[in-house]
Amino acid sequence: MVLVYDDIIVGAGSSGAVLAARLSEDPGRKVLLLEAGPDFQSIETTPHDLLNARSMSLSAHDWGWTAEAMPGRSIIFPRGKTTGGSSAVNATVALRGNPSDYDEWAALGNDEWSWEKVLPSFRKLEDDQDRSGDWHGKGGPVRIRRWRHDEIRPIQQAFFDICRRLGYREVDDHHIPDATGVGPIPQNQHEFTRLSTAIAYLLPARGRPNLTIQPHSLVNRVLVDGGRATGVEVEFAGEVQQVAGARITLSAGAVSSPAILLRSGIGPKADLLAHGIEPLIDLPGVGNNLIDHPLAAVFLAPKPGALDLNEPFIQVILRYTTPGSDDFNDMQLYMLSHQELAPLGGEAAAAMIGTSVAFGIGASLQRPRSRGRLTLAGTDPHVQP
């Protein structure tokens, strides 16, 4: 192998697209960005489901993965498969974590993730359209907006009114660190266009001759020589290739990054040997401590003509602390103005209530105590972990 790139970034999602854009600002640095899904080089050529901030995209550009939520019960595990990754398919909720979450990471040993150190980065990435001051950014690549009171649709207003009637505080700005209660969600969208990292970061960087974006490239493993990562093995156009780089960065997400490490021989020794993989580094943590925030929704069948898919599907959020909990704002409730049920795995529910599109409330636990585990189902990178 001949060293071709200074940086190879695996995964062009929420973080990988940002890394590629920032690293390629140095014209002397050659950057390769590998993406398993498609790449769209302009807003005009980007499919509607990736631009449409009125709805999540859960099928057209999704990996199609499932997870075993508990023994014998499988659920969908949506992840975006395109440049921009899950930031290209999600609900455009641009809501930061609680400051205590970051300080907890710092206390565990990762002192670069304290609230004091991450806040300047949050501000730097933002172009907040309606707030200013110490907690907000101006002029960054990601436009942030909140819905004005006169823009809130009736179903969202009803949710807001009921939350207030139940005694929850009105929140004008959920980016204030101690904000708790109900109010408009900060969102990364502009005129109903989802501002993914593919649009906010990659689009302005596309003209740089030192940046190569290669879509439809499925990375199998990291190549290691003498204890150092030297490149990647990637399948492109039906052929398996080896590409060399001085630095390899895995930004393939919480599912694909550990799977790539495991196929590379980096992970729990017993798991690797079970699949006939030679262990290079016995690293028990790879694939362990998988955390996600579960969301349970209650959907209701609308009266004919009651729902309009051209309206925003989420505008207001309730954040609160569960009675008896020591975790601040450990719960979030969303009013979903409309939601297609089939992409959520709700074909049976759609048949039962007689509609493919419903509205409802989603309840999401933000500090789950349960931990999952990711293992390989085989050595073929086409088979989901």
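Residues numbered from 1 in each chain as written. Predicted model: local features only at pLDDT ≥ 70, side-chain atom pairs only at ≥ 80, totals over all residues. Heavy atoms only, no water.

(A) Expanded view of the environment of Gly 137. Position of Gly 137 among the secondary structure elements: in the loop between strand E5 (126-128) and strand E6 (142-144). We classify Gly 137 as buried; its relative accessible area is 4%. Sequence spacing of Gly 137 and Leu 166 is 29 residues, and the spatial spacing of their C-alpha atoms is 33 Å. (Helix = DSSP H or I, 4+ residues; strand = E, 2+ residues; numbered from the N terminus. Buried < 20%, exposed > 50% of the residue type's maximum accessible area, 1.4 Å probe, protein only.)

(B) Summary view of the sheet that holds strand E7 (residues 181-184). Spatial strand order, E7-E18-E19-E20-E17: five strands in an open sheet with antiparallel pairing. At either margin of the open sheet sits one strand with a lone partner, and together these are E7 and strand E17 (295-300). The average angle at which neighbouring strand axes cross in this sheet is 25°, direction not considered. As judged from the four bridges shared by strand E18 (residues 316-320) and strand E19 (residues 331-340), these two strands associate in the antiparallel manner. Bridging from a neighbouring strand, Ile 317 pairs with Tyr 334 of E19. Together, E7, E18, E19 and strand E20 (357-365) form the strand contacts of helix H5 (residues 154-165), whose direction differs from that of E19 by roughly 155°. (Pairing = 2+ DSSP bridges. Axes fitted to C-alpha atoms, helices over the stretch in contact; angles between N-to-C directions. Contact = heavy atoms within 4.5 Å.)

(C) Spotlight on helix H3 (residues 99-107). Residues of H3 that are buried include every one of Pro 99, Asp 101, Tyr 102 and Ala 106, and no others. Viewed end-on, H3 has its buried residues packed into an arc of 165°, placing them on one side of the element. Following H3 by one or two positions, Gly 109 has its phi on the positive side, about 125°. (Arc of directions from axis to C-beta.)

(D) Representation of unusual backbone geometry in the model. Here Thr 92, not a glycine, exhibits a phi torsion of approximately 55°, which is positive. Inspection of the secondary structure puts Thr 92 in the loop between strand E4 (73-76) and H3. Exposure remark for Thr 92: the relative accessible area of 0% places this residue in the buried category.

(E) Main features of helix H4 (residues 115-125). All of the buried residues in H4 are Trp 115, Val 118, Leu 119 and Phe 122. Along H4, the residues classed as buried sweep out an arc of 115° about the axis, all on the same side. Exposed positions of H4 whose direction lies more than 90 degrees from the buried face are Glu 116 and Lys 124.

(F) Expanded view of the packing of helix H1 (residues 16-23) against helix H6 (residues 197-205). In the contact formed by H1 and H6, the axes pass within 9 Å of each other and the chain directions differ by 25°. The angle between H1 and H6 falls in the class roughly parallel. Where H1 crosses over H6, the handedness of that crossing is left-handed. Residue-level inspection shows Ala 17, Val 18, Ala 20 and Ala 21 of H1 in contact with H6, the latter providing Thr 197, Tyr 201, Leu 202 and Ala 205. Looking at the contact of H1 with H6 residue by residue, the class counts come to seven nonpolar, one polar and no charged. (Parallel < 35°, antiparallel > 145°, perpendicular 65-115°, else oblique. Left-handed = near helix turned anticlockwise from the far one by under 90°. Nonpolar A, V, L, I, M, F, W, Y, C, P; charged D, E, K, R; others polar.)

(G) Broad picture of the side chain of Thr 197. Here Thr 197 is to be found in helix H6. Residues contacting Thr 197, with those up to four places away along its chain left out, are Gly 13, Ser 14, Ala 17, Val 18, Gly 84, Ser 87 and Leu 202.

Geometric descriptors of this kind do not, in isolation, establish any biological role.
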